[in-house]
Amino acid sequence: KQCSFSPSHYAGFIMGAAVGSDCCQANETEKVVTLEHPARSSTSARVPALPDQLEEAQSELDDHADDKQRLWDLTFAFVRRAVAGIHITLLRPVRRPAVFSLDAALKRIEVVGDSKDQCLAGGLSDVKDIWLAGERPDAVSAGSAIQAGEADRVVHIEVFAAGGVERWLMMVGSSEDAAEFVQALTVLRIYNIENEQAVGQK
């Protein structure tokens, strides 16, 4: 089951724990509590409340917790794999085997070709957008080298660079891998952007 909520709901909570910073974790956890408390407050305000209403409200809260836990597990599993390196097929500018990786600080991503030359690199806070090619076929050019039946396995990443916007087009092993890739990378992107904004406000 895929998460029914956007990764942005839980990015700070998940990554606050991931980096192990007490200060950061406390602040980000507080944001999550703020999101969840209104649901609890509105439930407790229903007096008297029918048993089926209480059961429905509790089920909704349980779904929130389940979604958060699934996204937590998904993100940590992705981080472990990405730091070690994930084998992909790079489709742009030409189709070739490559390795996608994430640095240990969880700040930068890169794609290195099979000949060990650095193909693409950028900061996660510089990522403009991430999506599955199969969900937005109109946003993928005709010359992208995506063959029939591959779109659901292709991740499209746009990264701000000195010369404009770079478009990374990568194919992973399955449609499930691609969906998890997008969700986890979205969490990491949001965390990096929010962290940089917080540092800039100090």
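Residues numbered from 1 in each chain as written. Predicted model: local features only at pLDDT ≥ 70, side-chain atom pairs only at ≥ 80, totals over all residues. Heavy atoms only, no water.

Overview of the pairing of strand 3 (residues 108-113)
How we decide: When DSSP locates at least two bridges between a pair of strands, those strands are taken to pair. Secondary structure counts use DSSP, requiring at least four H or I residues in a row for a helix and at least two E residues in a row for a strand, with both numbered from the N terminus.
Sheet topology places strand 2 (residues 96-102) next to strand 3; five bridges connect them, and they run antiparallel. Its bridge partner being in strand 3, Ala 98 is matched across the sheet by Gly 113. Between strand 2 and strand 3, which pair antiparallel one after the other, the connecting turn spans five residues, and Leu 106 there sits at a positive phi close to 60°.

Details of the packing of aromatic side chains
Put simply, the test is: In this scheme Phe, Tyr and Trp rings, the latter by its six-membered ring, pair at centre separations within 6.5 Å, and the angle between planes marks the pair as stacked below 30 degrees, edge-to-face above 60, and tilted otherwise. The rule is short: NZ of Lys or CZ of Arg within 6 Å of the ring centre and within 35 degrees of the ring normal puts a charge over the ring.
For the structure on display, the rule yields four aromatic pairs. Site record: aromatic cluster; members linked through ring pairs are Phe 78, Phe 100 and Phe 181. A cation sits over an aromatic face here: Arg 136 above Trp 131, 3.7 Å from the ring centre.

Some words on the environment of Asp 103
Rule in force here: Definition of a polar contact: a pair of N or O atoms within 3.5 Å, with one able to donate and the other able to accept a hydrogen when the atoms are protein atoms, and with sequence-neighbouring residues admitted only if both atoms are side-chain atoms.
Within the secondary structure, Asp 103 is located in the loop between strand 2 and strand 3. C-alpha separation for the pair Asp 103 and Ala 84, spaced 19 residues apart in sequence, amounts to 9.0 Å. There is a polar contact of 2.7 Å between the side chain of Asp 103 and the backbone nitrogen of Lys 107. A polar contact is formed between the side chain of Asp 103 and the backbone nitrogen of Arg 108, at a distance of 3.0 Å.

Observations regarding unusual backbone geometry
Note the following rule: Three exposure classes are used, based on accessible area relative to the maximum for each residue type with a 1.4 Å probe and protein chains only: buried under 20%, partly exposed in between, and exposed over 50%.
A positive phi angle, near 60°, is found at Leu 106, a position not held by glycine. Note on Leu 106: relative accessible area 9%, which makes it buried.

Examining the environment of Gln 183
Along the chain, Gln 183 falls in helix 4 (residues 175-201). For the pair Gln 183 and Ile 130, spaced 53 residues apart in sequence, the C-alpha separation works out to 8.9 Å.

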